[in-house]
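Here is how the chains run, residue by residue.
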Amino acid sequence: MRISLSQYYTTPEVSNLFASLIDFSNVESVIDLGAGEGALVNEVYKELKKKATYVVADIDKTNCLKLKDNKEYKVYNIDCTNQNLSQRLHCKYSTIDMAVCNPPYGILDNTDFYTKLLDNLHLGYYGGCKSISSDLIFLAYNLLFLRENGVLAIILPNGALSGERYKKFREGLFSYYTVEQIVELPEKAFDYTEAKTGIFVIRKKRPDNSLIQLNRYVNGQLGEPIFKDSSLLYNRIDFRESRPLVNVAIAGEAKIEIRRGKFTHKYLKESKSLYFHTTHFKTSDGCFRGEYDDKISVASKNSFLMARVGKRCVGKVLLVKDGNIRYSDCVYNIIVPKKYISCFVSYFESTEYKEWIKDVAHGICSFVMTKGDVEEMLLRKIAEFRGPGGQD
Ligand SMILES: C[S@@+](CC[C@H](N)C(=O)[O-])C[C@H]1O[C@@H](n2cnc3c(N)ncnc32)[C@H](O)[C@@H]1O
């Protein structure tokens with residue numbers, strides 16, 4: 001039950017933070033879909049008390065009984081992914097001042113109704129997709145219930161922050177709604193996922209400008225805001241400060257190569273020849289004896305092998321000290337100018353590098369690092385190794 005209905009409730013710490021991000025002025029009506037035990041709506045109630053009306057819904061009867069303790073709440077024990085939600089909740093679309101939500105992060109069978117719902121709200125076109133994530137449907141319904149200029153604060157999963165599949169969703173959201181703020185919550189803010197989640201504060205109105213405020217919430221503190229142009233966030237919502245490009249330009253003269261392996265682990269295993277996969281980082285000393293008829297995905301002496309994907313191993317690096325080895329498609333082979341090899345060996349062992357991995361690796365079940373991020377890091381470090389003015 002807990003897993004299937006995604007009954008992971010918002011902790012008091014995150015609920016407090018959540019409420020601190022919301023502007024309560026001019027709010028007389030509130031909705032909370034998938035309200036659970038009321039962690040979010042109760043925070044709103046503390047602020048507005050009887051000055052507002054409250055519509056709260058959950059699929060779970062026991063939760064609804066708890067929610068009914070507050071006599072101001074109109075509580076509905078219903079499935080909020082159904083059609084005709086407006087009728088079922090006795091609540092008209094485009095009328096509510098404020099929506100708060102920490103939706104279930106499940107998978108629903110896609111239907112024409114869901115495809116149209118999301119398409120009409122400019123949240124991406126999912127026709128032809130077999131499944132759809134329930135957080136998107138909850139987000140869509142919340143936006144439907146909001147009046148023009150109403151505000152939604154919603155906790156969304158890692159996919160919304162960085163999933164490839166959500167690219168069109170982010171583009172639509174940033175183009176048709178005013179995303180006032182996105183706060184990145186740390187990994188493990190919720191029991192169910194090690195991945196990062198984020199609080200999105202969204203106003204139902206077209207944006208006046210394209211800047212979005214991003215904050216990180218780390219060790220109980222809200223970090224300094226940074227502002228980014230929304231078009232830079234379509235691929236992934238990156239909460240890091242953009243790096244100055246000037247250093248990269250200087251380093252750009254340095255020749256680096258990042259090659260992704262072409263063969264799957266399964267194929268290499270069956271090929272019976274020597275190979276390197278992410279599982280070999282722990283045991284390998286960097287000396288290899290591979291012999292192949294071609295050079296496809298073969299790493300040689302003085303190049304690095306880096307885990308491109310993996311839950312625990314992503315970012316692990318090994319220097320090829322001797323010989324040749326064929327590497328799998330979960331690994332990058334990195335070649336940097338010879339004179340920087342020892343600098344990179346030290347850097348890859350540093351805390352700075354470990355922090356960098358945490359920043360860039362993204363994904364839900366497993367983590368992945370893009371070639372672009374690795375390239376940016378290599379060029380930036382080379383610029384640093386060269387020192388000011390580009391001297392070695
Ligand atoms: C992640 S929990 C969050 C609960 C609460 N909003 C909070 O922040 O603590 C998701 C809630 O959605 C409810 N839920 C799951 N599927 C639902 C559905 N189809 N319709 C309505 N509620 C649903 C679960 O019972 C659970 O209480």
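Residues numbered from 1 in each chain as written. Predicted model: local features only at pLDDT ≥ 70, side-chain atom pairs only at ≥ 80, totals over all residues.

**Quick notes on the domain arrangement of the protein**
1) Next: Structurally, the protein comprises domain 1 (12–233) and domain 2 (245–390).
2) Next: Relative placement of domain 1 and domain 2: their C-alpha centres are 39 Å apart. (Domains from an automatic or database assignment.)

**Topic: the site of the ligand**
1) Next: Near the ligand there are 21 residues, and of these Tyr9, Thr10, Gly34, Gly36 and Asn102 occur at the shortest range.
2) Next: Contributions of two or more residues to the shell around the ligand are made by helix H2 (39–48) and strand S2 (53–58). (Near = placed C-beta within 6 Å. Helix = DSSP H or I, 4+ residues; strand = E, 2+ residues; numbered from the N terminus.)

**Section: the sheet that holds strand S14 (residues 275–276)**
1) Next: Ordered in space as S14-S19-S15, the three strands form an open sheet in which the pairing is mixed. Two strands in the sheet have a free side with no partner beyond their single neighbour: S14 and strand S15 (298–299).
2) Next: The pairing of S14 with strand S19 (residues 325–327) spans two bridges and is parallel. Each bridged residue has a counterpart across the sheet, and for Tyr275 the counterpart in S19 is Arg326. (Pairing = 2+ DSSP bridges.)

**Some points on the environment of Ser6**
1) Next: Position of Ser6 relative to the elements: it lies in the segment before helix H1 (12–20).
2) Next: With 119 residues separating them along the chain, Ser6 and Tyr125 place their C-alpha atoms 25 Å apart.

**So, the sheet that holds strand S18 (residues 317–319)**
1) Next: Spatially, the four strands line up as an open sheet ordered S13-S20-S16-S18, and their pairing is antiparallel. Of all the strands in the sheet, just strand S13 (257–260) and S18 have a single pairing partner and so form its edges. With strand direction ignored, the average angle separating the axes of adjacent strands in the sheet is 25°.
2) Next: In this sheet, S18 lies alongside strand S16 (residues 304–307) in antiparallel orientation, the contact comprising three bridges. By the bridge assignment, Phe304 is partnered in S18 with Leu319. (Axes fitted to C-alpha atoms, helices over the stretch in contact; angles between N-to-C directions.)

**Looking at the nonpolar core**
1) Next: Counting 67 residues, the largest nonpolar core has Val41, Val56, Ala99 and Val100 as the members making the most contacts within it.
2) Next: Sequence-distant contacts of Val100, that is, excluding residues within four places in its chain, are made with Val30, Asp32, Leu40, Val41, Val44 and Ala153. (Core = buried A, V, L, I, M, F, W, Y, C linked by C-beta atoms within 7 Å. Buried ≥ 20, exposed ≤ 12 C-beta atoms within 10 Å, placed from the backbone. Contact = placed C-beta atoms within 7 Å.)

**Describing H1**
1) Next: Here H1 has its buried residues at Val14, Ser15, Leu17 and Phe18. Buried positions in H1, seen along its axis, are confined to an arc of 165° and lie on one side of it. Counted as exposed and oriented over 90 degrees from the buried face of H1: Pro12, Glu13, Asn16 and Ser20.
2) Next: In this fold, the buried residues of H1 make contact with H2, strand S7 (146–156), strand S8 (178–185), strand S9 (197–203) and strand S10 (211–218). (Arc of directions from axis to C-beta.)

**What about the pairing of S2?**
1) Next: By the criterion of burial, S2 is predominantly enclosed, with five of the six residues buried.
2) Next: Considered for its hand, the β-α-β crossover made up of strand S1 (residues 29–33), H2 and S2 is right-handed.
3) Next: Relative to strand S3 (residues 73–77), S2 runs parallel, the two being bridged by five bridges. Bridged to Asp58 within S3 is Asn77.
4) Next: The parallel pair S2 and S3, bridged by helix H3 (residues 61–67), forms a crossover whose chirality is right-handed. (Right-handed = clockwise from strand over helix to strand, strands pointing away.)

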